[in-house]
Amino acid sequence: MKHDFSDKVIIVTGGTGALGRILIKSFLNCHPKTIVITYRSEKEMHELKADLSNSFEQSSKILTSLEFIKTDVTKDDEIKKLISNIFEKYGQIHILVNVVGGYIGGKNITELDESDWDKMIGINLKTAFLISRHVIPIMITNRYGKLVHVSSRTGIKAEGNDSAYAASKSGLIRFVESVSHEVKNSNININCILPTIIDTESNRRAMPNADFTRWINPGDLSNVILFLCSDDSKIINGSAIPTYGLL
Ligand SMILES: NC(=O)c1ccc[n+]([C@@H]2O[C@H](COP(=O)([O-])OP(=O)(O)OC[C@H]3O[C@@H](n4cnc5c(N)ncnc54)[C@H](OP(=O)(O)O)[C@@H]3O)[C@@H](O)[C@H]2O)c1
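Note that the structure is a prediction, hence the values are computed from the model and not measured.

Caption draft 1: Spotlight on the sheet that holds strand β4 (residues 95–98). Reading across the sheet, the seven strands line up as β3-β2-β1-β4-β5-β6-β7 and stay open at both edges, with parallel pairing between neighbours. Strands with a single pairing partner mark the edges of an open sheet, and in this sheet they are β3 (66–70) and β7 (240–243). Each strand of the sheet is rotated relative to its neighbour by a mean of 20°, with strand direction disregarded.

Here you go:
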């Protein structure tokens, strides 16, 4: 156990996704008080539960710290309800890792339509605003908080055919930077990470001829996130951490 999260209430959005699943396992190995995982699809949620039960069957007590709450994180009323339910139950939220996100690429500006644009801004940028604005007042009151958002290297260096995605992830970096100034005197850290291609099953399916060894291992990314959620990183605030690996 590298970090001690035994008294921490943690929220992970997008926990049923490729990175989220590995991140949850990494957190569980640090024995948190509670991890609330938001999910959208029942199927993905049941798959994750089964996977975690297999992985932690020797220490099933660990799994009692898990709570799954169905939430559409693009909707303010659903997030508001989520956060007030967690606060009512635990009286505190120490850590938020906002993993939720999506990608639309392979379309140039003439092919990209308005719904693509709204989808990218909604899932990659607006969600960060919505959930942060409900979690931060609780953290300010308790004078403790760690927020980590997941941006992308594309947020600082775009290469074409993904302008909506690039704009959304770039906006997220400035959002984090701006909010960091607002919370710096409240013992709250907000940062984001900038992965390139993560080694996931869906990326392997989409790019079967790529050199997977150059991609980002989700376990390595989780280690960085856990560090940013720990007090070891208390001097890091408002940063976009390069997590490019070998690309
Ligand atoms: N994969 C990469 O190569 C890569 C590279 C750079 C950055 N990133 C970023 O890293 C993060 C994780 O990526 P990933 O590959 O793990 O993504 P993923 O496997 O597609 O997972 C996305 C997660 O977001 C959830 N989600 C999507 N829309 C939602 C909504 N409206 N309400 C609630 N949940 C919603 C999904 O839930 P459901 O399963 O129920 O739909 C899933 O849990 C994302 O922010 C992504 O943009 C990824």
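Caption draft 2: Spatial organisation of the pattern of salt bridges. Counting across every chain of the model gives 13 salt bridges. A salt bridge links Lys-146 to Asp-231; the shortest N-O distance between them is 3.4 Å. Of this pair, Lys-146 sits in strand β5 (residues 145–150) while Asp-231 is found in the loop between α7 (218–228) and β7, placing the two residues 85 residues apart along the sequence. Judged by its relative accessible area of 41%, Asp-231 is partly exposed. Shared partners join several salt bridges into a network, and the residues in it are Arg-21, Lys-43, Glu-44 and Glu-47.

Caption draft 3: Local environment of helix α1 (residues 18–28). Within α1, eight of the eleven residues are buried, which leaves it mostly tucked inside the rest of the structure. Among the residues of α1, Leu-19, Gly-20, Arg-21, Leu-23, Ile-24, Ser-26, Phe-27 and Leu-28 are the ones counted as buried.

Caption draft 4: Looking closely at the site of the ligand. The ligand sits among 27 residues. The nearest are Thr-16, Leu-19, Arg-40, Ser-41 and Val-99. The side chain of Arg-40 places a nitrogen or oxygen atom 2.7 Å from an oxygen atom of the ligand. Coverage of the ligand by the protein amounts to 83% of the 900 Å² it exposes when considered alone. If you list the elements that add at least two residues to the shell around the ligand, you get α1 and α5 (163–183). Counted by class, the shell around the ligand contains eleven nonpolar, twelve polar and four charged residues.

Caption draft 5: Fine view of helix α4 (residues 114–142). In this model α4 runs 41 Å from its N-terminal to its C-terminal C-alpha over 29 residues, within 8% of the 42 Å that 1.5 Å per residue would give. Its axis deflected by about 40° at Lys-126, α4 carries its strongest bend there. Two residues or fewer past α4, Arg-143 is found with a positive phi of approximately 50°.

Caption draft 6: Layout of the environment of Thr-154. Among the secondary structure elements, Thr-154 is positioned in the loop between β5 and α5. Sequence separation of Thr-154 and Gly-20 is 134 residues, and the distance between their C-alpha atoms is 20 Å. Those residues in contact with Thr-154 that lie beyond four places of it in its chain are Asp-162, Tyr-165 and Ala-166.

Rules used throughout
- All chains use their own residue numbering, which begins from 1 and follows the written sequence.
- Note on the predicted model: pLDDT of at least 70 is required for a residue's local features to be given, and 80 or more for side-chain atom pairs to be given and counted; whole-chain, interface and lining totals, by contrast, use all residues.
- Side-chain measures here rest on the full set of heavy atoms in the structure, leaving out hydrogens and waters.
- At least two bridges found by DSSP between two strands is the condition for calling them paired.
- Each helix corresponds to a stretch of at least 4 residues labelled H or I by DSSP, and each strand to a stretch of at least 2 residues labelled E; elements are numbered beginning at the N terminus.
- Helix axes are fitted only over the stretch in contact, all axes being lines through C-alpha atoms; the angle between N-to-C directions runs from 0 to 180 degrees.
- A pair is scored as a salt bridge if a Lys or Arg side-chain nitrogen falls within 4 Å of a carboxyl oxygen belonging to Asp or Glu.
- When a residue's accessible area, from a 1.4 Å probe over protein chains only, is under 20% of the maximum for its type it is buried; when over 50% it is exposed; and in between it is partly exposed.
- Any residue with at least one heavy atom within 4 Å of a molecule or strand is counted as near it.
- Side-chain atoms alone can form a polar contact between residues adjacent in sequence; in general such a contact is a pair of N or O atoms within 3.5 Å, and within protein one must be able to donate a hydrogen while the other accepts it.
- Note on areas: Shrake-Rupley with a 1.4 Å probe; residue coverage comes only from the protein chains shown.
- Basically, the charged four are Asp, Glu, Lys and Arg, the nonpolar ten are Ala, Val, Leu, Ile, Met, Phe, Trp, Tyr, Cys and Pro, and anything else, Gly included, counts as polar.
- Each helix should span, by expectation, one fewer than its residue count multiplied by 1.5 Å.
- In this scheme, the bend at a residue equals the angle between the axes fitted to the seven residues that finish there and the seven that begin there.
- Contact between two residues is taken to exist if any of their heavy atoms lie within 4.5 Å; hydrogens are not considered.

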